[in-house]
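Structural overview for review
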Amino acid sequence: MTVFDEMIGQQRVVESLREAARGVGMTHAWLFTGPPGSGRSVAAKAFAAALQCAAAEPGCGVCAGCHTVLAGTHADVEFVRPQGLSVGVKEARELVGRAALSPSGRGWQVMVIEDADRLTEGAANVLLKAIEEPAARTVWLLCVPSAEDLVVTIRSRCRVVSLRTPAADDVVAMLQTRDGVDETTAEFAARASAGHVGRARRLATDKAARDRRAAVLRIPSKLSDVGACLDAADALLKSVNAEVAELTTELDEAETASLKEAFGEGGSATGLGRGQSGAAITRGASRAASSALKELEGRQKSRATRTTRDALDRALTDLAGFYRDVLVLQLNAGVDIANTDRATEMQALAENSSPESTLRRLDAILECRVLLDANANPLLTLESLMLRLRDG
Ligand SMILES: [Zn+2]
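Residues numbered from 1 in each chain as written. Predicted model: local features only at pLDDT ≥ 70, side-chain atom pairs only at ≥ 80, totals over all residues.

**Some points on the overall build of the protein chain**
Of the regular secondary structure elements, the protein chain holds 15 helices and five strands. Residue pairs at least 24 apart in sequence account for 73% of intrachain contacts in the protein chain once pairs closer than 6 positions are excluded. (Helix = DSSP H or I, 4+ residues; strand = E, 2+ residues; numbered from the N terminus. Contact = placed C-beta atoms within 7 Å.)

What follows is the structure, given as structure tokens:
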């Protein structure tokens, strides 16, 4: 095995990353671009491992360097995963500060920023300065959907690595060999996820995710009257909120508990003494604790909002997939449909409506996604979407 094995259907990119890890065309700033699910962060991680690899052929996957990078524990590789809606100036400054440190080993100090499109303008400027005058052994790996998502001043200083949507066959093969998924499930998941590797894996291995997708694909057949539309919006939002709670509640509680423990809640601070100075120290510590707690709550709220948007976006992507298939049937496009499990409903809708109305429905979904991303009220936005999907 090599560290590049997880990069599905990206042979050309793998070759150029291997070369760079050998020193050919190596540079201080890289931009990994590609559609959602094409594996931008997977590619960046593999490259980071190859840069720390001790083998003659970089990226062996078995040496300590490769192993620790993949496990996320290498001292000279930092992964930045923005969990909130944006990355601000303060965070960027801290990052640049750490990037300037010399690596502890003989290799590179590697900074991987996933979702670099979430850098605020101010944060991007801080980063730009660091990229313009990089420390001798520092490498920045930035991941964004497309190069246009970053200001041109940063973009122009990066070597761009463009990933493409992998072919369904490549995804099927990966699910079978790496995840041990049976052929039927692998083919279903690869088709239903339209080349989104992470989504395919989730659908293939997680029944709850398959059930949620099936519920979304039943929506178009349910929109019989206004009441049904409002019910569908409500049910969809409830399902998304339940999914988000499942993803975040446990994490939130663990973080809060460990922060409280760090501040010695539960009595150790009172052990400082009963004199006046002791009381002052205790008061100071408790102020610090409550402000740290407030900051944590802010970060958790921002993460929950982000997670909700992502989950809604996944559901709307599935819904758009349904209407895209309807359009394929209406246009006799000669393209395979993705959601074969709903073929009967799609065929019926294709016969009883026009391609124009299908296009209007697809537009409505797209507009809904844009509105939700701009912080519109989710329930109201979904209700108006369902009404538009009914009217066509
Ligand atoms: Zn190695």
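**Focus on the sheet that holds strand E2 (residues 77-80)**
Reading across from one edge, E2-E3-E4-E1-E5 is the order of the five strands in this open sheet, with parallel pairing throughout. Each edge of the sheet is formed by a strand with only one pairing partner; in this case those strands are E2 and strand E5 (159-162). Averaged over all adjacent pairs, the angle separating strand axes in this sheet is 15°, with direction ignored. Relative to E5, strand E1 (residues 29-33) runs parallel, the two sharing four bridges. Paired with Phe32 across the bridge in E5 is Val161. Helix-sheet contacts for helix H2 (residues 40-51) involve E1, E2, strand E3 (109-113), strand E4 (138-144) and E5, and the interaxial angle to E4 is about 165°. (Pairing = 2+ DSSP bridges. Axes fitted to C-alpha atoms, helices over the stretch in contact; angles between N-to-C directions.)

**Topic: the nonpolar core**
Counting 93 residues, the largest nonpolar core has Phe32, Ala43, Phe47, Ala48, Leu141, Leu142 and Leu175 as its most contacted members. With nine residues, H2 is the single largest residue contributor to this core. Beyond its immediate sequence surroundings of up to four residues, Ala43 is in contact with Met7, Gln10, Val13, Phe32, Val161 and Leu163. (Core = buried A, V, L, I, M, F, W, Y, C linked by C-beta atoms within 7 Å. Buried ≥ 20, exposed ≤ 12 C-beta atoms within 10 Å, placed from the backbone.)

**Let's talk about the packing of helix H1 (residues 11-21) against H2**
A pair of packed helices can be characterised by two numbers: the angle between their axes and the separation between those axes. In contact at an axis separation of 9 Å, H1 and H2 are set at 30° when each is read in the N-to-C sense. As the angle between them shows, H1 and H2 are arranged roughly parallel. Taken as a pair, H1 and H2 cross one another with a handedness that is right-handed. Contacts between H1 and H2 involve Val13, Leu17, Arg18 and Ala21 from the first element and Ala43, Phe47, Ala50 and Leu51 from the second. (Parallel < 35°, antiparallel > 145°, perpendicular 65-115°, else oblique. Left-handed = near helix turned anticlockwise from the far one by under 90°.)

**Overview of helix H5 (residues 121-132)**
Taking 1.5 Å per residue as the helical rise, H5 with its twelve residues ought to reach 16 Å, and the 16 Å between its terminal C-alpha atoms agrees with that figure. Buried residues of H5: Ala123, Val126, Leu127 and Ala130, and no others. Along H5, the residues classed as buried sweep out an arc of 95° about the axis, all on the same side. Turned more than 90 degrees away from the buried face of H5 sit Glu121, Lys129 and Glu132, all of them exposed. If you follow the buried residues of H5, they end up packed against helix H4 (89-99) and helix H6 (152-155). (Expected span 1.5 Å × (residues − 1). Arc of directions from axis to C-beta.)

**Considerations on the domain arrangement of the protein chain**
One can read the domain layout of the protein chain as domain 1 (11-162), domain 2 (169-219) and domain 3 (226-264 + 297-391). Taken over C-alpha atoms, the centre of domain 1 sits 29 Å from the centre of domain 2. (Domains from an automatic or database assignment.)

**Considerations on the pairing of E4**
Within a regular strand, side chains alternate between the sheet's two faces. Summarising burial for E4: seven of the seven residues are buried, a large majority. Burial along E4 is two-sided: Thr138, Trp140, Leu142 and Val144 facing one way and Val139, Leu141 and Cys143 facing the other are all buried. With five bridges connecting them, E1 and E4 associate as parallel partners. Pairing of Trp30 across the sheet is with Leu141, part of E4. In the sheet, E3 pairs with E4 via five bridges, with the strands oriented parallel. Its bridge partner being in E4, Ile113 is matched across the sheet by Leu142. For the handedness criterion, the β-α-β arrangement of E3, H5 and E4 is classed as right-handed. (Right-handed = clockwise from strand over helix to strand, strands pointing away.)

**Considerations on helix H15 (residues 378-391)**
For H15, which comprises 14 residues, the first-to-last C-alpha distance of 20 Å matches the rise-based estimate of 20 Å (1.5 Å per residue) to within 8%. Every buried residue of H15 is accounted for by Leu382, Leu385, Met386 and Leu389. The arc that holds every buried residue of H15, seen down its axis, measures 100°, which confines them to one face. Those residues of H15 that are exposed and angled more than 90 degrees off the buried face are Leu380 and Asp391. Against helix H11 (226-262) and helix H14 (355-373) lie the buried residues of H15. Just downstream of H15 lies Gly392, where phi reads positive at about 70°.

**A short note on the environment of Thr249**
Inspection of the secondary structure assignment puts Thr249 in helix H11. In sequence terms Thr249 and Arg164 are 85 residues apart; their C-alpha atoms lie 34 Å from each other.

**Topic: the packing of helix H7 (residues 168-179) against helix H9 (residues 197-205)**
Between H7 and H9, whose axes approach to 11 Å, the crossing angle comes to 55°. Viewed along their axes, H7 and H9 adopt a mutual orientation that is oblique. As for how H7 packs across H9, the hand of that crossing is right-handed. Residues Val171, Leu175 and Asp179 of H7 lie in contact with H9, whose contacting residues are Val197, Ala200, Arg201, Ala204 and Thr205. Residue composition of the contact of H7 with H9, grouped by class: five nonpolar, one polar and two charged. (Nonpolar A, V, L, I, M, F, W, Y, C, P; charged D, E, K, R; others polar.)

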